[in-house]
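Coordinate inspection notes
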Amino acid sequence: MFRKMRRIKQQITEDECIRILKENPRGVLSMIGDDGYPYGIPLNHYYSEDDGVLYFHCAKTGHKLDAIKTCDKVSFCVYDKGYRKEGEWALNINSVVIFGRMKLVTDEEKTREICINLARKFTDDEEYLEKELKYSLPNVQCLELIPEHITGKLVNES
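Residues numbered from 1 in each chain as written. Predicted model: local features only at pLDDT ≥ 70, side-chain atom pairs only at ≥ 80, totals over all residues. Heavy atoms only, no water.

1. Considerations on the packing of helix H3 (residues 108–122) against helix H4 (residues 126–136)
Contact geometry of H3 with H4 gives a least axis separation of 11 Å together with a crossing angle of 145°. Relative to H4, the crossing made by H3 is right-handed. Across the interface between the two elements, Arg 112, Cys 115, Ile 116, Ala 119 and Arg 120 from H3 touch Glu 126, Leu 129, Glu 130 and Leu 133 from H4. Within the contact of H3 with H4, the residues separate by chemical class into five nonpolar, no polar and four charged. (Axes fitted to C-alpha atoms, helices over the stretch in contact; angles between N-to-C directions. Helix = DSSP H or I, 4+ residues; strand = E, 2+ residues; numbered from the N terminus. Left-handed = near helix turned anticlockwise from the far one by under 90°. Contact = heavy atoms within 4.5 Å. Nonpolar A, V, L, I, M, F, W, Y, C, P; charged D, E, K, R; others polar.)

2. Topic: unusual backbone geometry
Backbone geometry places Asp 35, a non-glycine residue, at a positive phi of 55°. Inspection of the secondary structure puts Asp 35 in the loop between strand E1 (26–32) and strand E2 (38–44).

3. Focus: the environment of Ile 18
If you trace the backbone, Ile 18 turns up in helix H1 (residues 14–23). Taking the C-alpha atoms as reference points, Ile 18 and Val 105, 87 residues apart in sequence, are found 22 Å from one another. Once residues within four sequence positions are removed from consideration, Ile 18 is found in contact with Tyr 47 and Glu 49.

4. Points about the pattern of salt bridges
The tally for this structure, following the rule as stated, stands at eight salt bridges. We note a salt bridge from Asp 72 to Lys 103, for which the minimum N-O separation is 2.7 Å. Placement of the pair is Asp 72 in the loop between helix H2 (63–70) and strand E5 (73–79) and Lys 103 in strand E7 (residues 91–104), with a sequence separation of 31 residues. Of the charged contacts in the structure, one is a salt bridge between Arg 120 and Glu 126, with a shortest N-O distance of 3.1 Å. For Arg 120, a relative accessible area of 47% corresponds to the partly exposed category. The network of salt bridges with shared partners includes Asp 72, Arg 101, Lys 103 and Glu 148. (Salt bridge = Lys/Arg side-chain N within 4 Å of Asp/Glu carboxyl O. Buried < 20%, exposed > 50% of the residue type's maximum accessible area, 1.4 Å probe, protein only.)

5. Details of the packing of aromatic side chains
In the structure shown here, the tally under the stated rule is three aromatic pairs. Each ring, one from Phe 2 and one from Phe 99, has its centre 5.4 Å from the other, and the planes form 35°; the classification is tilted. Highlighted residues: Phe 2 in the segment before H1 and Phe 99 in strand E7, separated in sequence by 97 residues. We classify Phe 99 as partly exposed; its relative accessible area is 32%. (Phe/Tyr/Trp six-rings, centres within 6.5 Å; stacked < 30°, edge-to-face > 60°.)

6. Quick notes on the nonpolar core
Leu 29, Leu 54, Phe 56, Phe 76, Met 102 and Leu 145 are the most contacted members of the largest nonpolar core, which has 24 residues in total. Put simply, the parts of the chain that give this core at least two residues each are H1, E1, E2, strand E4 (53–59), H2, E5, E7 and strand E8 (140–156). Take this core: its biggest share by element is four residues, from H1. Formed by 13 residues, the second largest nonpolar core is a distinct cluster that contains Tyr 55, Leu 118, Leu 133 and Val 140. (Core = buried A, V, L, I, M, F, W, Y, C linked by side-chain atoms within 4.5 Å.)

7. Overview of the confidence of the model for the protein
For the protein, the mean per-residue pLDDT works out to 94, and 100% of the residues sit at or above 70. The element-level mean pLDDT for the protein is lowest in H4, coming to 89, with E5 highest at 98. (pLDDT = per-residue confidence, 0-100.)

8. Points about H1
Quick reminder: α-helices carry 3.6 residues per turn. Residues three or four places apart thus point the same way. Buried residues of H1: Cys 17, Ile 18, Ile 20 and Leu 21, and no others. Within H1, the buried residues cover an arc of 160° as seen down the axis, which keeps them to one side. Across from the buried face of H1, at angles greater than 90 degrees, the exposed residues are Asp 15 and Glu 23. Those residues of H1 hidden inside the fold are in contact with strand E3 (46–48), E4, E5, E7, H3 and E8. (Arc of directions from axis to C-beta.)

This is the structure in C-alpha cells:
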C-alpha cells in the first residue's frame, strides 16, 4: 500500500526514526483540508515508546479537527537540525515521515497524561505545568496518531 523509498541507500533504521521522533520538538502535520486542498501545519508532538503512538494537543474546535473528522488519514513529518561534515557546506538532515490514522482522545485521564508529557518535553517547570493543567486542560483536545507506515532518511543538501 505504501511506496518503497526510491533512494534506498539513504534510508535510516527504525530505531533512528524513533530517536528523531523523541528528540525533536515539532513537525508538520498534513491533512486533507477544505475542498480537498492539502492542509499542513507545524505542531509539537510527544512520541510514546509504550504504545508506539504520537500524541498532540489542540483546541476543541478549528480547521484541523474539521479536517480529521472528515478524513482521519494524515501524514506527519519531523526532521532534525542536521549537521555538517568538516570542510563541507551542505547540511546532512535526517527526516521521518509517518502515515497513519488520527483519532480524538476522549478519556480525561489520558488527556491529562498526554498534556503532562508534552509539557515536560519543553520544560521542567512544575509550577508552570500545574497552572496550565488547572486553567487550560478543560479547553484541550488531544489527538493520537496511530502509525501505519514509518520511514526515514538521511539527505545531504548538496
